[in-house]
Structure formats: C-alpha cells, structure tokens
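Structure assessment
The primary structure of each chain is shown beneath.
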Amino acid sequence: MTQEQRPDPPQPLRRRVPSTRSALPRLPAVGDTFAHHYRIIKRLGKGGFGTVYLAIHATSRQPVAIKLLNPSLHTDESLVERFRREALLTSSLHHPNTVRVFDY
C-alpha cells in the first residue's frame, strides 16, 4: 500500500453532550405574554434570586407584579423550594401594606 492509498487514521469518538444552557428557561421580554394571562410591561428590578416585572392581566386589565426565579437557579432544587416557600408564606399575609399573592 502506498502512502496515497493509506486510509486516514481513525478519529477519536466525540461524545455529544447536550447543552444545559439551551434547556434553561428564559426570562420574558417586554411585550411578551407570560403564563397565558400576563402581558409584560417592564422590568422593575433584578436581584441575585429573582427578577420582578410589571405586567397587566389580560382579562381584568389590572396591573400586577410578577417575580420569577432567575433561570440559572432552576437546577438548584433547594433554591427552587425556597422560592416556592417564600410565595406560600407571602400568600398567607393579609395586610394593606403587603402584596397579595394570586398565583405561584
């Protein structure tokens, strides 16, 4: 076999690893409809734990604030549970100077 006839050496197998980045949910943008009922008007604030948006309920036209867990934290089950617990505890508060929780 001449050098011209030799097959190329085998290449190492490359394992395709799915990207976790694409699997992460994205935060809504202004103008998006979130959860089929809320039109995002603007972002009110962002912290290490979550992002808060001003939105309008599609049916009642009432303004609402929506707090969403930052996508990078969705894989940490303890933080997701902490976020849920915060929503549950906040929903039990009933006072004129606190927010009302409608959905979580």
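Our subject is the structure that appears above.
Okay, so let's go over this structure.

For the rest of this paragraph, the subject is helix α2 (residues 77-91). Here α2 contains 15 residues, and its C-alpha end-to-end distance of 21 Å stays within 8% of the 21 Å for a straight helix at 1.5 Å per residue. Those residues of α2 that sit buried are Leu79, Val80, Phe83 and Ala87. For α2, the angular spread of buried residues about the axis comes to 110°, placing them on one side. Exposed residues pointing more than 90 degrees away from the buried face of α2 are listed as Glu77, Ser78 and Leu89. Residues of α2 that are buried in the fold lie against β4 (63-69).

For the coordinates displayed, the defined rule picks out two salt bridges. Ionic pairing is found between Asp32 and Arg26, a salt bridge with its closest N-O pair at 3.1 Å. A residue is classified by how much of its surface remains accessible, and Arg26, at 60% relative accessible area, is exposed. Note that Glu86 is salt-bridged to Lys67, the shortest N-O span being 2.8 Å. Of the two residues, Glu86 sits in helix α2 while Lys67 sits in strand β4, which places them 19 residues apart along the sequence.

Conventions adopted
Positions within a chain are numbered from 1, following the residues in the order the chain's sequence is written. Residues qualify for local features only when their pLDDT is at least 70, as the model is predicted, and side-chain atom pairs are given and counted only at 80 or more; totals for whole chains, interfaces and linings, by contrast, use all residues. Computation of side-chain values covers all heavy atoms of the structure but excludes hydrogens and water. Numbering of helices and strands starts at the N terminus; helices are DSSP runs of H or I of at least 4 residues and strands are runs of E of at least 2. In a helix, the anticipated span is given by 1.5 Å times the number of residues less one. Each residue gets one of three labels from its accessible area relative to the maximum for its type: buried under 20%, exposed over 50%, partly exposed in between, using a 1.4 Å probe on protein chains only. The arc refers to the directions leading from the helix axis to the C-beta atoms. Contact definition: two residues touch when any of their heavy atoms are within 4.5 Å. By definition, a salt bridge exists where a carboxyl oxygen of Asp or Glu is found within 4 Å of a side-chain nitrogen of Lys or Arg.

Read these as layout, nothing more, since geometry by itself doesn't imply function.
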